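So you can see what is in the structure, the chains are spelled out below.
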Amino acid sequence: MDAEAAKLVGAGLAAIGVGLAALGVGNVFGSFLDSALRNPAAADGQQGRLFIGFAAAELLGLLAFVVAMILLFVA
Amino acid sequence: MAAEGGKIDPMHQFLVEPIFGKGWEIAGHSIAFTNSALWMVITLAALWLFMLGGMKRELVPGRWQAAVEGFTGFISNMMHTNIGPKGKAFVPYVFSLFMFILIANLMGMMPVGILSPVHPGFHAFTVTSHLTVTGVLAILSFSIVLIVGFWRHGFHFFSLFVPHGTPVYMIPLIFLIELFSFLIRPFSLGLRLFVAMTAGHILMKVLAGFVINGANAGLGIAAIVSIPSFVLMVGITLLELLVCAIQAYVFALLTSLYLNDAINLH
């Protein structure tokens, strides 16, 4: 397999990591909604932490996207 | 945007080009005015106009003043919640950071490409879709955190990396791990905003390419490919507008949390 084809296959595999990011972010928001519906009065106070959790999960998943971009356009 | 026979080229929109020619230099370094600089000036102008329009002091605010006060109150509240009364000194910095990132993100979403017939190749350039720009903003925030931390606490600042109550034999390992996760903060700040903006714009360019290529391939394929892609583009655009706001908020929120670490040392 020549290098160019291997790079494209690698970029495609990195896209699986982005799907895992979707799972992670969905987990964060799902947990928030679960508990917010049990205790709606306390939900608004925790919104800051919701976005911190979202940012952390999203960043780690987007690192997989960065790997895909590096494979396609840099290496 | 199609290149050579139907191939979609999503990366051309991120190209930084000088507008008035490449010859401008000081001491061998190029100071050419680029499209990136142009859009930063546009962001500055939009922000300045927005704040000017709202900085009246009417007791019963009109709509514009209420909008500006909404933003300032939002950031002021966030700083007070995360840092406490000592955070008041940093509200101007975090507010400027938040508004610049928000408006720069939104300017990149403006449908300016419609004016392409008037000025060929004219398109909205997202300033924050370059790691150089977001990296500088992240380094700025991180430097302020370090300077504030060492100014207020001196070498006691390093107690941040040894949480209260760790067993003595674990302190070296815990110190190294905490130090590493502290040092990675500027990278994560800059990288998060950069990748979010770049990924969003690449996605929209690819979908737009589908719409155009589908329409060029005949009526049958246009109905199956172009119309669902166009509907998806509308939805993704809404999502991208939300992501613009969320990423600006997350950048400001994390900056305020890091400042809290430096000021209050947990």
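No experiment lies behind these values; they were computed from the predicted model shown.

### As for the overall build of chain A
Along the backbone of chain A there are three helices and zero strands. Secondary structure elements of chain A occur, N-terminal to C-terminal, as α-α-α. Its C-alpha atoms give chain A a radius of gyration of 17 Å, more than 25% over the compact-globule value 11 Å for 75 residues. In terms of overall dimensions, chain A has a C-alpha envelope of 60 × 15 × 10 Å along the principal axes. By sequence separation, contacts in chain A at least 24 residues apart represent 94% of the contacts at least 6 residues apart.

### Describing the overall build of chain B
When its secondary structure is counted, chain B shows seven helices and four strands. Along chain B, helices and strands appear, N-terminal first, in the series β-β-β-β-α-α-α-α-α-α-α. Among the 266 residues that make up chain B, the fraction classed as buried is 24%. Across chain B, the fraction of contacts at a sequence separation of at least 24, relative to all contacts at a separation of at least 6, is 61%.

### Quick notes on the confidence of the model for chain B
Residue and element names in this part refer to chain B. Averaged over all residues, the pLDDT of chain B is 90; the fraction at 70 or higher stands at 97%. Across chain B, the element-wise mean pLDDT spans from 42 in strand β1 (residues 2-3) up to 96 in helix α3 (residues 91-108). Interface predicted TM-score (ipTM) for the complex: 0.80; the corresponding pTM is 0.90.

### Side note on helix α2 (residues 63-82) of chain B
Residue and element names in this part refer to chain B. For α2, which comprises 20 residues, the first-to-last C-alpha distance of 28 Å matches the rise-based estimate of 28 Å (1.5 Å per residue) to within 8%. The complete set of buried residues in α2 reads I75, M78 and M79. On an axial view of α2, the arc spanned by its buried residues comes to 105°, and they lie on one face. Facing away from the buried side of α2 by more than 90 degrees, the exposed set consists of R63, G70, G73 and N77. Turning to α2, the residues buried within the fold contact α3 and α7 (219-264). Of the residues one or two after α2, G84 is the one with positive phi, at around 105°.

### Digging into the packing of helix α6 (residues 185-216) of chain B against α7(B)
Where α6(B) contacts α7(B), the two axes come as close as 8 Å, and the packing angle between them is 170°. Of the possible angle classes, the one that applies to α6(B) and α7(B) is roughly antiparallel.

### Structural notes on the interface of chain A and chain B
At the interface, nine residues of chain A touch 13 residues of chain B. Taken together, the residues of the side of chain A that touches chain B sort by class into eight nonpolar, one polar and no charged.

### A short note on the nonpolar core
Core analysis: the largest hydrophobic core is formed by 43 residues, its most contacted members being B:F98, B:I101, B:F251 and B:A252. Among the elements of the structure, α3 (47-74) of chain A together with α2, α3, α4 (131-153), α6 and α7 of chain B are those that each provide at least two residues to this core. For B:A252, the contacting residues outside a window of four places in its chain are B:I75, B:M78, B:V94, B:L97 and B:F98.

### Looking at the environment of B:G121
Its location among the elements puts B:G121 in the loop between α3 and α4. Spatially, the C-alpha atoms of B:G121 and B:Q13 are 9.6 Å apart, while their sequence positions differ by 108 residues.

### Re the packing of α3(A) against α6(B)
For the pair α3(A) and α6(B), interaxial distance at closest approach is 9 Å and the crossing angle is 65°. Viewed along their axes, α3(A) and α6(B) adopt a mutual orientation that is roughly perpendicular. By crossing handedness, the relation of α3(A) to α6(B) is classed as left-handed. Between α3(A), through A:A55, A:L59, A:L62, A:F65 and A:V66, and α6(B), the contact on the second element is made entirely by B:S188, B:L191, B:R192, B:V195, B:A196 and B:A199. Partitioned by chemical class, the residues of the contact of α3(A) with α6(B) number nine nonpolar, one polar and one charged.

Cut-off values and rules
Per-chain numbering applies: the sequence of each chain, read as written, is numbered from 1 onward. Labels are handed out in written order, letters beginning with A for the chains and numbers beginning with 1 for the ligands. Residue-level local features of this predicted model are given only where pLDDT is at least 70; pairs of side-chain atoms are given and counted only at 80 or more, and the full residue set underlies all totals for whole chains, interfaces and linings. For the purposes of this entry, the term helix denotes a DSSP run of H or I that reaches at least four residues, the term strand denotes a run of E that reaches at least two, and both are numbered from the N terminus. In this setup the radius of gyration rests on C-alpha atoms only. A globule is expected at 2.2 Å times the number of residues raised to 0.38. In this description, a residue-residue contact is defined by the distance between C-beta atoms placed from the backbone, which must lie within 7 Å. Here a residue counts as buried when 20 or more other C-beta atoms sit within 10 Å of its C-beta, as exposed when there are 12 or fewer, and as partly exposed otherwise, the C-beta atoms being derived from the backbone. Note: pLDDT gives the predictor's confidence per residue, expressed from 0 to 100. One fewer than the residue count of a helix, multiplied by 1.5 Å, yields its expected span. The arc in question is the one traced by the directions running from the helix axis out to the C-beta atoms. Fitted lines through C-alpha atoms serve as axes, helices being fitted only where they are in contact, and the angles separating the N-to-C directions of these axes extend from 0 to 180 degrees. Any angle from 65 to 115 degrees is called roughly perpendicular, while one under 35 is roughly parallel, one over 145 is roughly antiparallel, and all others are oblique. For this classification, Asp, Glu, Lys and Arg are treated as charged, while Ala, Val, Leu, Ile, Met, Phe, Trp, Tyr, Cys and Pro are nonpolar and the rest, including Gly, are polar. Buried Ala, Val, Leu, Ile, Met, Phe, Trp, Tyr and Cys residues whose C-beta atoms connect them within 7 Å together make up a nonpolar core. By convention the crossing between two helices is left-handed if the near helix lies anticlockwise of the far one by an angle smaller than a right angle, and right-handed if it lies clockwise.

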